[in-house]
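# Per-entry structural report
The residues making up each chain are set out below.
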Protein chains: 2
Amino acid sequence: MNGYKKLGQQTIIFTNTPTIASTGTVVGPIEDKGPLGGNFDIVLPDNLAGEMSWEKTEQKMMQKSVEIALEKLKLLPSDLDYFLGGDLLNQIISANFTARYLGVSFLGLFGACSTFVQGLALGGILVDGGYGNRVGVAASSHHETAERQFRFPTELGVQRGPTAQWTVMGSGATIISCQETQGPKLTHATLGKVIDYGVANPSDMGSAMAPAAADTIVNHLKDTNRSPEDYDLIVTGDLGIVGKTLTQELVAKQGYDISKVYSDCGVLIYDPSQDTHAGGSGCGCSAVVFSGHLIQMLLAKKFRRILLVGTGALLSSTSQQQGESIPGIGHGVVIENMI
Amino acid sequence: MNGYKKLGQQTIIFTNTPTIASTGTVVGPIEDKGPLGGNFDIVLPDNLAGEMSWEKTEQKMMQKSVEIALEKLKLLPSDLDYFLGGDLLNQIISANFTARYLGVSFLGLFGACSTFVQGLALGGILVDGGYGNRVGVAASSHHETAERQFRFPTELGVQRGPTAQWTVMGSGATIISCQETQGPKLTHATLGKVIDYGVANPSDMGSAMAPAAADTIVNHLKDTNRSPEDYDLIVTGDLGIVGKTLTQELVAKQGYDISKVYSDCGVLIYDPSQDTHAGGSGCGCSAVVFSGHLIQMLLAKKFRRILLVGTGALLSSTSQQQGESIPGIGHGVVIENMI
């Protein structure tokens, strides 16, 4: 029998400490011009990069990000026990076609922009539990594919409001392993609940996701009996400036001051001068900020321990047209240098 | 340390034998008029059942199926550690809104019509690995919501071809537990690869899924070193008559004759006189046939051991319009009476 591996209501402890063994990132030109530019493995020259459609470009980005992560370990796709992936497109086509290429057991995930962290948590479970040696996790997004599916085709030139975020063009992939032991470890996962405060504006995803992000952060701290100071960084996925401010307030109302250690991938990835309004969003946002930037900070020992909370707005144009609001979800993982 | 829990390339062994503790089913009127009628917990009178949209009806079906499964054990939603769910609708809205209602940690899955079995496999992993005591798994579909999203709105009255299948209106839910010990056990899971033989006809999902179903069945038998006769039933999710015939042929080419024990949920659920052409399909198909019919056969000891292979056609209208074929996937689980 395994021991019971849950702390409190929602948090899993990984006793076998799965390793973040490798990462790969592919981004678009705007992402490379932002504050994190220079941290990504491949920068595409434009939003098509030679493909016939933006959707095909997004799929190629995801595939390439996994290939890069594998190459860094001199591994082949067949060395993976599982591929866990997802994206924002209907039926997660970027992930499906990437899985077709990789040819290993595939678990398709949909957690909107929380998908990457949902994958890290599940990948941690698979490796920690002895169900496999190596798991590939990837998530992608693309500004144009997301705009035409969820809002307006970009060709229409509809003006964007101040709360709107810019969907990141990029894919981040991570290999979680118990065979490779170099690298920071996954130590906990806090899988989130769906929470809905009634926000119904598809151009204000940050406000829709903030309550779920706050709930996961607070429950994580309660479950682990930790304080914000136990982390060098608590970082949400893609709340942007509006959602980040709200999250910090909601967490403070529960008695935790995270202001000194709190940031958001959607705030980190673009500079205000890039005119992306409230910041970055999309499955690719937390995927490339973690797999490009945060992992390097961990490897350089600038961070000892971080809490990464992937945040998803479960927006559907169908349910929205039928009068529904936009529920949110937040999944958290702790990544830590054990030495 | 846990022991390593994989057999061969793709198969997991559950050493702590998670129990299928309860199930709940809600179906439409056509499903109840089929050969399995009388096996379902709730039968709705029509395809709206008092809701304002088919999508809302589908969501209510999923919610109710989970409630029924919980009620049978006298449990509340808060007794679940996790809810794992998915459906065919863009952004899996039926599952998201059900998760909002349940208020527990949620993992959103997308495996097209393989989603229910993907959920059983992951639920087995969570319970087997000690990551939780009880997991709720559900998947749903609805003929009208699927037709208007993937093919033609039913109001158009487009004629259906002979290879077309009828999307099941229904939701099936299952509680996997290590706290309740009465019931058949999950003993293995074989998580499938994405396989694509180039079928591109959205009215022939059976042919698109057959290669993936065959691959998972063959790999399961190889990994476990078993023969088809070790099972009382090998049953695929929703291949229908066309896909079932193809699967049997493809498996035979690999040296396994499954003809004596092989069936398909899409073939079982409708009678040919119901004019559903090649049979049933949809996430709800394997979910209600397992949770309504197969579980009762197991509980009545008419089956000792079955292999259930959920089959998904990863069809997207976007990728199809861009010239892509329809990849398939099949996930298998073994369910067994241990005495």
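Residues numbered from 1 in each chain as written. Chains lettered and ligands numbered in written order. Predicted model: local features only at pLDDT ≥ 70, side-chain atom pairs only at ≥ 80, totals over all residues. Heavy atoms only, no water.

### A few points about the side chain of Lys185 of chain A
All names here are of chain A. Put simply, the rule is: Going along the chain from the N terminus, every DSSP run of H or I of four or more residues is numbered as a helix, and every run of E of two or more is numbered as a strand. Relative accessibility under 20% of the residue-type maximum defines a buried residue, over 50% an exposed one, and the middle range a partly exposed one, all with a 1.4 Å probe and only protein chains included. We count Lys and Arg on the positive side and Asp and Glu on the negative side, and we leave His and both chain ends out. One speaks of a salt bridge when a side-chain nitrogen belonging to Lys or Arg is within 4 Å of a carboxyl oxygen belonging to Asp or Glu. Only heavy atoms matter for contacts: two residues are in contact if any of them lie within 4.5 Å across the pair.
Mapped onto the elements, Lys185 comes out in strand β10 (residues 185–190). Of the side chains with opposite charge, Glu180 lies nearest to the buried Lys185, which makes no salt bridge, at 9.9 Å. Setting aside residues no more than four positions away along its own chain, Lys185 makes contact with Thr17, Pro18, Thr19, Val334, Ile335, Glu336 and Met338.

### Quick notes on helix α6 (residues 205–224) of chain B
Residue and element names in this part refer to chain B. Selection rule: In a helix, the anticipated span is given by 1.5 Å times the number of residues less one. Throughout, bend refers to the angle between the axes fitted to the seven residues that end at a position and the seven residues that start at it.
Between its terminal C-alpha atoms α6 stretches 29 Å, which fits the 28 Å expected from 20 residues at 1.5 Å a residue. At Pro211, α6 shows its strongest bend, of approximately 30°. Counting buried positions along α6 gives 19 out of 20 residues, so the element sits mostly inside the fold. Positive backbone phi, approximately 55°, marks Asn225, located one or two places after α6.

### Quick notes on the environment of Asn337 of chain B
All names here are of chain B. Just so we agree on the cut-off: Pairing of N or O atoms within 3.5 Å defines a polar contact, subject to two protein rules: one partner must be a possible hydrogen donor and the other a possible acceptor, and residues neighboring in sequence count only if both atoms are side-chain atoms.
Within the secondary structure layout, Asn337 lies in the segment after β15 (328–336). Judged by its relative accessible area of 8%, Asn337 falls in the buried class. Considered as a pair, Asn337 and Thr17 are 320 residues apart in the sequence and their alpha carbons are 11 Å apart. Residues within four places of Asn337 in sequence aside, it is in contact with Pro184, Leu298, Lys301, Phe303 and Arg304. Within polar-contact distance, the side chain of Asn337 engages the backbone oxygen of Leu298 at 2.7 Å.

### Regarding the relation of the copies chain A and chain B
Which entries qualify depends on this criterion: In superposing the copies, a least-squares fit is computed on C-alpha atoms, taking residues whose pLDDT is at least 70 in both.
Here chain A sits on chain B after a turn of 180° about the axis and a move of 0.0 Å along it, with an RMSD of 0.0 Å. With respect to symmetry, the two chain copies, as superposed, fit the operation of a two-fold axis. Most of the interface of chain A is mirrored in chain B, where 100% of its interface residues are also at the interface.

### Overview of the interface of chain A and chain B
What counts here: For any pair of parts, buried area is found by adding up, for both, the accessible area (1.4 Å probe) each one loses once the two are put together. Three categories are distinguished: nonpolar for Ala, Val, Leu, Ile, Met, Phe, Trp, Tyr, Cys and Pro, charged for Asp, Glu, Lys and Arg, and polar for the others, with Gly belonging to the last.
Contact with chain A, which involves 62 residues of that partner, is made by 62 residues of chain B. Taking both partners together, chain A and chain B bury about 5,100 Å²; carbon and sulfur atoms supply 56% of that area. In this structure, the connection of chain A to chain B is made through six salt bridges. With a closest N to O distance of 2.5 Å, Asp81 of chain A and Lys6 of chain B form a salt bridge. Linking chain A with chain B are 30 residue pairs in polar contact (both at pLDDT 80 or more), by the criterion used here. When residues of the side of chain A that touches chain B are traced back to their parent elements, those giving at least two are α2 (54–72), α3 (93–102), β6 (105–108), α4 (115–128), α5 (143–150), α10 (317–321) and β15 (328–336) of chain A. For the side of chain A that touches chain B, the class distribution of residues is 26 nonpolar, 25 polar and eleven charged.

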